[in-house]
Amino acid sequence: MASNYYFGWKSFSEDEDRPEKPRRFGVTEIRGPDHCLAGRRPDLEDILESMGEFVDGLKFSGGSHSLMPKEFIREITELAHRHNIYVSTGDWSEHLLRKGPSSFKQYVEDCKNLGFDTIELNAGSLKLPEEALLRFVRLIKGGGLKAKPQFSVKFDKSDIPVTGDRAFGAYIAPVPRSSEIIEDVDLLIRRAERCLEAGADMIMIDADDICKYADSLRSDIIAKIIGRLGLEKTMFEASSGKTSEWFVKRYGPRVNLFVDHSEVMNLECLRGLNLGRNHTSVLGSSFFRI
């Protein structure tokens, strides 16, 4: 402990930054580096050995886990767990729908056996009725895993209830699919709230059309989502370092962000007391005098 203080290593405190892992807020989830997940694991091991204290979650992006041998996946999940890092699936569950309703229950069981902790449900890709999405959330929770639905602010026009039919759980007669896309942040929030009521642990907000580019962030939509759902229950996909910087400067170190593995150090510096790319906020000034 004394040597850590001497060298100025970062410590976690709720008063100063955010608590130690496992954290409920100030969570950093990373996209696994595809080149090392597809081959050997030295790059991922290096990342977790050097920056594991700053990483809370690891996600297999784009359904990459569906292409890997089960033993390989177990090695990755065990490696993450040794660093107190949860492991999440990416988009994939939508491919199970054509196999019938029982396939999803089996998928949950398989994910649990492979060491996954969280299953992500991309509501836009699944294109399910609201009640079916809620059943999936409950199935995940009943299987002992965490559920993280992902939402976009844009919906197919046919998914948007007509005025007067927005009551939670109300039956809405199906209508033909439309090619018209409409932005509706209120519908996003209401569906996210229902997922949280059903037991979802976190809501992932897709970067597209909200925060994909730092120079065109939809601060109005982001503020409304956080205002209704709260910082602790929302995670935003930050597509670049500039986007991460905007979030931390606007909402502080407690905002939950999903970033590329290459952005971990810069994000942790931003979460420190000295905003900006000042790496002494993490490593301490004495590091640079060695």
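Per chain, the residues get numbers from 1 upward, laid out in the order the sequence is written. Where totals are concerned, whole chains, interfaces and linings use all residues; where local detail is concerned, this predicted model gives features only for residues with pLDDT of at least 70, and gives and counts side-chain atom pairs only at 80 or more. Computation of side-chain values covers all heavy atoms of the structure but excludes hydrogens and water.

Looking at an unreviewed UniProt entry, one finds the protein chain named (2R)-phospho-3-sulfolactate synthase (ComA), with Musa troglodytarum as its source organism. UniProt positions are given in the numbering used here, feature names are shortened, and annotations may be inferred rather than shown by experiment. Here the protein chain is described in UniProt, under the heading Sequence similarities (unreviewed entry), as follows: "Belongs to the phosphosulfolactate synthase family."

J.: Can you explain the pairing of strand β1 (residues 28–31)? Please cite residues and give values.
T.: Two strands are counted as paired when DSSP detects at least two bridges linking them. Secondary structure follows DSSP: runs of H or I at least 4 residues long count as helices, runs of E at least 2 residues long count as strands, and numbering of each begins at the N terminus. By the bridge criterion, four bridges tie β1 to strand β10 (residues 256–260) in an arrangement that is parallel. The partner of Ile-30 across the bridge, within β10, is Val-259. Where β1 and strand β2 (residues 57–60) come together, three bridges link them in parallel fashion. What sits directly across from Arg-31, in β2, is Lys-59.

J.: Kindly report on the packing of helix α9 (residues 219–229) against helix α10 (residues 241–251), identifying the contributing residues and their values.
T.: Fitted lines through C-alpha atoms serve as axes, helices being fitted only where they are in contact, and the angles separating the N-to-C directions of these axes extend from 0 to 180 degrees. Packing of α9 against α10 leaves a shortest axis separation of 13 Å and a crossing angle of 55°. Judged by the inter-axis angle, α9 sits oblique to α10. When you trace α9 past α10, the crossing you get is right-handed. Every residue of α10 that contacts α9 at Ser-219, Ile-222, Ala-223 and Ile-226 is listed here: Trp-246, Phe-247, Arg-250 and Tyr-251. Here the contact of α9 with α10 is composed, by residue class, of six nonpolar, one polar and one charged. Here the word oblique covers every angle except those under 35 degrees (roughly parallel), over 145 (roughly antiparallel) and from 65 to 115 (roughly perpendicular). Put simply, a crossing is left-handed when the front helix is turned counterclockwise from the back one by less than a right angle, and right-handed when it is turned clockwise. Two residues qualify as a contact provided that any one of their heavy atoms is within 4.5 Å of a heavy atom in the partner residue. Gly is put with the polar residues, along with every residue not named as nonpolar or charged; the nonpolar set is Ala, Val, Leu, Ile, Met, Phe, Trp, Tyr, Cys and Pro, and the charged set is Asp, Glu, Lys and Arg.

J.: Can you lay out the side chain of Gln-150 for me, pointing to particular residues and giving the numbers?
T.: Mapped onto the fold, Gln-150 is located in strand β5 (residues 146–151). With residues near it in sequence (within four places) discarded, Gln-150 still touches Lys-59, Asp-91, Glu-120, Leu-121, Asn-122, Ala-123, Gly-124, Met-204 and Asp-206.

J.: Which residues make up unusual backbone geometry, and what are the values?
T.: Note that the residue after Lys-21, namely Pro-22, is joined by a cis bond; omega there is 0°. Looking at the secondary structure, you find Pro-22 in the loop between α1 (2–7) and β1. One non-glycine residue with positive phi stands out, namely Asn-84, at about 55°. Locating Asn-84 in the fold gives a position in the loop between α4 (70–82) and β3 (86–89). Remark: exposure states derive from per-residue accessible area (1.4 Å probe, protein chains only) relative to the maximum for the residue type, with buried under 20%, exposed over 50%, and partly exposed in between. Looking at Asn-84, the relative accessible area reads 42%, which means it is partly exposed. Even without being a glycine, Asp-209 presents a positive backbone phi close to 70°. By secondary structure assignment, the location of Asp-209 is in the loop between β8 (203–205) and α9.

J.: Give a detailed account of helix α8 (residues 185–197), specifying residues and quantitative values.
T.: A helix's residues, less one, multiplied by 1.5 Å, set its expected span. Taking 1.5 Å as the rise per residue, α8 with 13 residues should run 18 Å; its terminal C-alpha atoms sit 18 Å apart, in good agreement. Among the 13 residues of α8, 10 are classified as buried, and the element is accordingly described as predominantly covered. Within the span of α8, buried status applies to Val-185, Leu-187, Leu-188, Ile-189, Arg-190, Arg-191, Ala-192, Glu-193, Arg-194 and Cys-195. Summarising the contacts, the buried residues of α8 are in contact with α7 (130–142), β5, β6 (154–156), β7 (181–183), β8 and α9. Polar contact criterion, stated in full: a pair of N or O atoms within 3.5 Å, where within protein one must be able to donate a hydrogen and the other to accept it, and residues adjacent in sequence count only if both atoms are side-chain atoms. Of the residues that open α8, the one with a side-chain oxygen 3.2 Å from the backbone nitrogen of Asp-186 is Asp-184. Looking at the residues trailing α8, positive phi occurs at Gly-199, about 120°.

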